[in-house]
Amino acid sequence: MTRIGLISDTHSYLDDAVFKHFENCDEIWHAGDFGTLELANKLAAFKPLKGVYGNIDGKDVRMIYPENLRFNCEGVDVWMTHIGGYPGKYSPAVKKEIYLNSPKLFISGHSHILKVMPDKTIGCLHLNPGAAGQQGWHKVRTLMRFNIDGDKIQDLQVIELAGRWV
């Protein structure tokens with residue numbers, strides 16, 4: 001079993017509570033808009049980190065983190081990208097591949113809207129952890145935690161950090 005902490009849209013702000021909420025996780029996955037390489041490095045020093053760059057990330061972040069990351073976690077095919085849309089409204093950049101070679105888990109950020117949506121047409125679960133940073137129009141900063149056990153995605157938890165302004 002692999003315990004995952006999922007975060008996105010930190011926009012250069014990393015709440016200390018993230019470390020408490022992810023202390024029992026095996027890995028942290030960041031769905032883009034780190035804001036700074038320093039923030040990414042703090043997460044990577046804490047736990048193994050997988051991530052993608054977002055639209056606000058500079059060249060330094062983009063040199064380390066790709067736009068799209070496709071990998072297997074145990075028996076689950078995972079695709080993570082920052083601007084990916086969601087079931088029924090996938091972004092044009094990923095839509096063709098989503099339907100031709102569907103992952104089991106599709107993760108995106110960007111919208112600052114927390115979503116957990118199954119796409120029954122392709123047998124995929126879409127996750128967007130919302131936004132953990134202070135920048136943006138969201139009212140509550142959020143994270144997710146879940147487990148991957150073999151080919152099962154389970155025990156999903158939504159974590160509300162606090163309002164946008166601490």
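Look up: the structure comes first, before these words.
What you are looking at is a predicted structure, and each value in this text was computed from that prediction instead of being measured.

Peer 1: Would you take a moment to explain the pairing of strand β10 (residues 124-129) for this structure?
Peer 2: Residues in a regular strand point their side chains to alternate faces of the sheet. For β10, the tally of buried residues reaches 6 of 6 residues, placing the bulk of the element in the interior. Neither face of β10 is left uncovered, since the one carrying Cys124, His126 and Asn128 and the one carrying Leu125, Leu127 and Pro129 both have all their residues buried. For strand β9 (residues 114-119) and β10, the ladder comprises 6 bridges, and the chain directions are antiparallel. Residue pairing in the sheet places Pro118 in a bridge with Leu125 of β10. In this structure, the hairpin formed by β9 and β10 is closed by a connection of 4 residues, where Gly123 is found at a positive phi of approximately 65 degrees.

Peer 1: Please explain the packing of aromatic side chains as it appears in this structure.
Peer 2: What the rule picks out here adds up to 7 aromatic pairs. Relative to Phe46, the ring of Phe19 has its centre 5.0 Å away and its plane inclined at 90 degrees; by these criteria the two rings are edge-to-face. Note that Phe19 is positioned in helix α1 (residues 17-21) and Phe46 in helix α2 (residues 37-46), a separation of 27 residues in sequence. The class of Phe46 is partly exposed, set by a relative accessible area of 30%. Ring plane angle 35 degrees and centroid distance 4.8 Å describe the contact between Phe34 and Tyr65, whose orientation is recorded as tilted. On the criterion of sequence distance, the pair formed by Phe34 in the loop between β2 (27-30) and α2 and Tyr65 in the loop between α3 (59-62) and β4 (68-73) is long-range, its members being 31 residues apart. Three or more aromatic residues link up through ring pairs in this structure, and these residues are Trp79, Tyr90, Tyr99 and Phe106.

Definitions and limits used
Residues numbered from 1 in each chain as written. Predicted model: local features only at pLDDT ≥ 70, side-chain atom pairs only at ≥ 80, totals over all residues. Heavy atoms only, no water. Buried < 20%, exposed > 50% of the residue type's maximum accessible area, 1.4 Å probe, protein only. Helix = DSSP H or I, 4+ residues; strand = E, 2+ residues; numbered from the N terminus. Pairing = 2+ DSSP bridges. Phe/Tyr/Trp six-rings, centres within 6.5 Å; stacked < 30°, edge-to-face > 60°.

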